[in-house]
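# Per-entry structural report
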Number of protein chains: 2
Amino acid sequence: MDEEQGVIQAENVGAKVYQRLRLDLMRSRFRPGEKLKLRDLAAGLGVSPTPVREALARLVSENGLQQLDHRSVRVPVLTEARCREILELRAELEGRAAARAAEHSGPAGAEMLLAIHERMMAAVRERRLDDLLAENERFHMTLCGLARQPVLLRIIEGLWLQCGPLQAGLTQIRMKHPRDQHPHLEVIRGLREGDPSLARLAVQRDVSLYGDELLRRLPQLNGPLSAEAPA
Amino acid sequence: MDEEQGVIQAENVGAKVYQRLRLDLMRSRFRPGEKLKLRDLAAGLGVSPTPVREALARLVSENGLQQLDHRSVRVPVLTEARCREILELRAELEGRAAARAAEHSGPAGAEMLLAIHERMMAAVRERRLDDLLAENERFHMTLCGLARQPVLLRIIEGLWLQCGPLQAGLTQIRMKHPRDQHPHLEVIRGLREGDPSLARLAVQRDVSLYGDELLRRLPQLNGPLSAEAPA
DNA sequence: GGGTGGATTTTGTGATAACAAATATGACGA
DNA sequence: TCGTCATATTTGTTATCACAAAATCCACCC
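In this text, all values refer to a predicted model and were calculated from it rather than measured experimentally.

The next thing to look at is the protein's contact with DNA strand C. In the region of DNA strand C, 17 residues are neighbours, and V13 and S48 of chain A together with K37, R39 and R53 of chain B sit closest. Here L38 of chain B contributes a backbone N or O atom positioned 3.0 Å from a phosphate oxygen of DNA strand C. Measuring from a base nitrogen of DNA strand C, one finds a side-chain N or O atom of R39 of chain B at 2.5 Å. Counting residues per element, the surface near DNA strand C draws most heavily on helix 3 (residues 49–61) of chain A, at 3 residues. A per-class count over the surface near DNA strand C returns 6 nonpolar, 5 polar and 6 charged.

Our focus in this paragraph is the packing of aromatic side chains. Throughout the structure, instances matching the rule amount to 0 aromatic pairs over all chains. Stacked on the ring of Y18 of chain A, the Lys or Arg R58 of chain A has its end atom at 4.0 Å from the ring centre.

Our next topic: the interface of chain B and chain A. How big an interface is tends to be reported as the loss of accessible area on association of its parts. With 29 residues of chain B at the interface, the matching set in chain A holds 29 residues. Both faces considered, chain B and chain A share a buried interface measuring about 2,600 Å² in area, 53% of it formed by carbon and sulfur atoms. Looking at the side of chain B facing chain A, the largest losses of area belong to S61, E85 and V151 of chain B, adding up to 22% of the total buried there. For the interface between chain B and chain A, the tally reads 6 salt bridges. A salt bridge links E54 of chain B to R53 of chain A; its shortest N-O distance comes to 2.8 Å. The tally of links between chain B and chain A comes to 12 residue pairs in polar contact (both at pLDDT 80 or more). Elements represented by at least two residues in the side of chain B that touches chain A include exactly helix 3 (49–61), helix 4 (80–104) and helix 7 (150–163) of chain B.

Before going further, it helps to examine the sheet that holds strand 2 (residues 66–67) of chain A. Residues and elements named next belong to chain A. Strand order in the open sheet formed by 3 strands is 1-3-2, and the pairing between neighbours is antiparallel. Either end of the sheet is taken by a strand with one partner, and the two such strands are strand 1 (35–36) and strand 2. Across 2 bridges, strand 1 lies against strand 3 (residues 73–74) in antiparallel orientation. Opposite K35, over in strand 3, you have R74 as the bridge partner.

Residue and element names in this part refer to chain B. Tallying each qualifying case throughout the model produces 44 salt bridges over all chains. A salt bridge links E80 to R84; the nearest nitrogen and oxygen atoms lie 2.1 Å apart. One end of the pair is E80 and the other is R84, both in helix 4 and 4 residues apart, which spans about a single turn. Classification of E80 by relative accessible area gives partly exposed; the value is 42%.

Basis of the calculations
- Residues numbered from 1 in each chain as written.
- Chains lettered and ligands numbered in written order.
- Predicted model: local features only at pLDDT ≥ 70, side-chain atom pairs only at ≥ 80, totals over all residues.
- Heavy atoms only, no water.
- Near = heavy atom within 4 Å.
- Polar contact = N/O pair within 3.5 Å; in protein donor to acceptor, adjacent residues only side chain to side chain.
- Helix = DSSP H or I, 4+ residues; strand = E, 2+ residues; numbered from the N terminus.
- Nonpolar A, V, L, I, M, F, W, Y, C, P; charged D, E, K, R; others polar.
- Phe/Tyr/Trp six-rings, centres within 6.5 Å; stacked < 30°, edge-to-face > 60°.
- Lys NZ or Arg CZ within 6 Å of the ring centre and 35° of its normal.
- Contact = heavy atoms within 4.5 Å.
- Buried area = accessible area lost by both parts, 1.4 Å probe.
- Salt bridge = Lys/Arg side-chain N within 4 Å of Asp/Glu carboxyl O.
- Pairing = 2+ DSSP bridges.
- Buried < 20%, exposed > 50% of the residue type's maximum accessible area, 1.4 Å probe, protein only.

Here is the structure:
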């Protein structure tokens, strides 16, 4: 059940289901608008509805899922305003985390991030799109973890969770910057040189650059499924 | 079950229990370190353990409660570092919300806040300490609501939830600023005059002024109960 | 009298079952 | 052929139950 995603030290079934669904949402393994059915999920995971219900309740209260009509839940369909708000907050808060990371994480952190980034670029070259999304998520979460601010990290994870379903759009983006000027590399340089404001600006550039592209594609990312719902 | 706290439009029992516990935590109705027992809560609310368990799981995933040993949960006992982090983030994010509120909420918002603040001061004079805490919470949440940024509001609520148990310390603080220079009044002036940076600075002053006092008292706020746990 | 070992009780976990509401299905009639 | 109403199925909700692990208690022994 834990595949490649590192150790999950959840003991009870409810927490396991929660972490599994949460990570799947952050890595865009569900499509916006998709309705989640209790018994289907439970059967798929080989557990009873009770712990699944617990997991869904947790995700709803983090806005990782939307409560539809007091009965069913679905993967969020974001309005443009909400999506913009999330991206603004991500830029602000991930920037803050990156600056803090640059202050007191040595070059060790930079090397860790570089390894992740290179795995991500390999995934791009080889068209392994799921891995691309997973490595990108890992890059950002690792960076924010280096800030050693657990409350901030948790908030940022929550923001990723909320815009997770749209991250799939990243796989459609052909960015025009040359390979050796990817914002991630500037972030890494900021950490390596202990330059907080460089790190902050680079992260903000990454988020807003790709965020703007996602915003442009938002209708088509939501589209196929938001049309499916009312039909 | 809904007392004075405004309309709660939760339909299912689990959500009702969740909202009840959440608001009680934000308003410091529980003491740090207190262990929450499933069957006791259920009996007290006249429901079965199942929905209570759902509510507790939601609160744990928002860090409004701490998972003790993979079995029991307790009201958080905050370290100084964590408390400081929460207060820093509150200053930043509530400041951001206040600035946004000043930009596009007219004097109507200012009057609403003034009414809440005056109820709060009345509660101070008459030593109604629970009401003091409730009105203070209402002031901050109403202010942040005026920013019309639901994602940001939710994050700030989460931060209040996490430091809620410590807010009880506010009742012990005799602040030295004259009555007509309370930071809340400056916030209101910022809104009334449409001055975002005044509103931001005033909120930040409020949070850090009272936050510093709470930090000084943190050991004694945690103390009685964190001593209770190991004994 | 104090400490240790076992039994009892407490407490959380998760599956099942009973219920209710909503949705889907299908037949009948216009 | 299409709409409508009744029925059947699906689906979420919550209480109950069975179980396991932890904590408590009590007796017994040193």
